Amino acid sequence: MAAASPSFQALRAEIARIEAGRRPPGGVLPFGLAALDRRLPAGGLALGALHEVAGGGDGAIDGAVAALFAAGVAARTQGPVLWCVTRPDLFAPALEQAGLSSNRVIYVEAGDEAGLLAAFEDGLRHGGFGAVVGEVARLSMTASRRLQLVAEDTGSLGLAVRRWRRQAEAADFGQPTAAATRWRVTALPSAPLPVPGVGRPRWFVELIRCRAGACADFELEACDETGRLALPPHLADRSAATPAGTRRAVA
């Protein structure tokens, strides 16, 4: 049998590289919290990939905590952050509290979701941003696949924050996308303090899809001024006692 031509061998190697989910060198962005990082392939969020975040309900509060979760991730990257929206309701001081300085953020306000997705894709293609965030109500497989491929090509970190105005759009979150991970974040009551005041916010964080990984859920304290999540003290104290392999990684 004749040997394959060099061009055929090159094509076969390229197909194998695509099927393996290739990413340019860049590695991962760890959360710095073992409970999360040990559930993610290679110990963190993949760079050169699209990740998806939504609130646990259809209200403004859970939509806001999804944005803060994304802000905490973006805060731990290097360089400017491109944040694409269709409505001017992003509260910069809240992003600061999640570790993302307003001096790093470039805001793009698009007229509609088609324009937002185009800006999102262009930001990923630029390759010079620490992270590119797009607030979208709907995200089709085709659109997410385009974003994922561009992120892979440039090594960019893409964060799709799913925000919707009506319940019908919330149902779209159940449809498959090409995102490497899919997260859902729900606000929980903060811990009571021994004095009058409000304690550090807490979130219920669900990893509901992870390419080459398993689902998990976590009870966590919200991002601090450095973008870091934390285990609540009562869970951290018993971390050594949690059996390996439990689905709920609360320790």
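Treat the numbers as computed from the prediction; the structure is a model and nothing was measured.

Draft legend 1. A look at the environment of Ala151. As for its placement among the helices and strands, Ala151 is situated in helix α6 (residues 141-154). A residue is classified by how much of its surface remains accessible, and Ala151, at 0% relative accessible area, is buried. Separated by 25 residues in the primary sequence, Ala151 and His126 have C-alpha atoms spaced 9.6 Å apart. The contact partners of Ala151, leaving out residues within four places of it in the chain, are Gly48, Ala49, Leu50, Leu124 and Ser156.

Draft legend 2. A look at the side chain of Asp37. Mapped onto the secondary structure, Asp37 falls in helix α2 (residues 34-37). Within the buried core, Asp37 has no salt-bridge partner, and the shortest N-O distance to an opposite charge, that of Arg76, equals 6.7 Å. In contact with Asp37, not counting residues within four places along its chain, are Pro30, Phe31, Gly32, Gly43 and Gly44.

Draft legend 3. Representation of the nonpolar core in the model. Grouped together as the largest cluster of nonpolar side chains are 42 residues, with contacts concentrated most on Phe31, Phe69, Trp83 and Trp183. Contributing elements (two or more residues each) for this core: α2, α3 (60-75), β4 (81-85), β6 (131-136), β7 (157-162), β8 (181-188), β9 (202-210) and β10 (216-221). Those residues in contact with Phe31, other than ones at most four positions away along the chain, are Leu36, Asp37, Leu40, Leu45, Phe69, Val73, Arg76, Trp183, Arg228 and Leu229. Core analysis: the second largest hydrophobic core is formed by 19 residues, Leu116, Val136, Leu139 and Leu147 among them.

Draft legend 4. Focus on the packing of aromatic side chains. Taken as a whole, this structure holds 4 aromatic pairs when the rule is applied. Judged by centre distance (6.0 Å) and plane angle (40°), the rings of Phe31 and Phe69 are tilted. Of this pair, Phe31 sits in the loop between β1 (28-29) and α2 while Phe69 sits in helix α3, and the two are 38 residues apart along the sequence. The burial state of Phe31 is the same as that of Phe69; both residues are buried. For the ring pair Phe69 and Trp183, a centre distance of 5.4 Å and an interplane angle of 40° mean the geometry is tilted. Here Trp183 lies in strand β8 and Phe69 lies in helix α3, a separation of 114 residues in the sequence.

Draft legend 5. Structural context of the sheet that holds strand β3 (residues 49-55). Spatially, β5-β4-β6-β7-β3-β8-β9-β10 is the arrangement adopted by the 8 strands of the open sheet, whose pairing is mixed. Each of the sheet's edge strands pairs with one partner strand only, and the pair in question is β5 (105-109) and β10. Here the strands of the sheet are splayed against their neighbours by 20° on average, with no regard to which way each runs. Relative to β6, β4 is paired through 4 bridges, and the arrangement is parallel. Directly across from Val81, in β6, lies its bridge partner Ala131. Its contacts with the sheet put helix α5 (residues 113-126) on β3, β4, β5, β6 and β7, and the angle it makes with β6 is roughly 170°.

Draft legend 6. Examining the pairing of β9 more closely. When β8 meets β9, the two strands line up antiparallel, connected through 8 bridges. In the sheet register, Thr181 faces β9, and the bridge partner there is Cys210. Here 6 bridges tie β9 to β10, and the two strands are oriented antiparallel to one another. Each bridged residue has a counterpart across the sheet, and for Trp203 the counterpart in β10 is Leu220. The antiparallel hairpin formed by β9 and β10 contains 5 residues in its connecting segment, where Ala212 sits at a positive phi of about 65°.

Conventions we followed
- Residues numbered from 1 in each chain as written.
- Predicted model: local features only at pLDDT ≥ 70, side-chain atom pairs only at ≥ 80, totals over all residues.
- Heavy atoms only, no water.
- Helix = DSSP H or I, 4+ residues; strand = E, 2+ residues; numbered from the N terminus.
- Buried < 20%, exposed > 50% of the residue type's maximum accessible area, 1.4 Å probe, protein only.
- Contact = heavy atoms within 4.5 Å.
- Lys, Arg positive; Asp, Glu negative; His and termini not counted.
- Salt bridge = Lys/Arg side-chain N within 4 Å of Asp/Glu carboxyl O.
- Core = buried A, V, L, I, M, F, W, Y, C linked by side-chain atoms within 4.5 Å.
- Phe/Tyr/Trp six-rings, centres within 6.5 Å; stacked < 30°, edge-to-face > 60°.
- Pairing = 2+ DSSP bridges.
- Axes fitted to C-alpha atoms, helices over the stretch in contact; angles between N-to-C directions.

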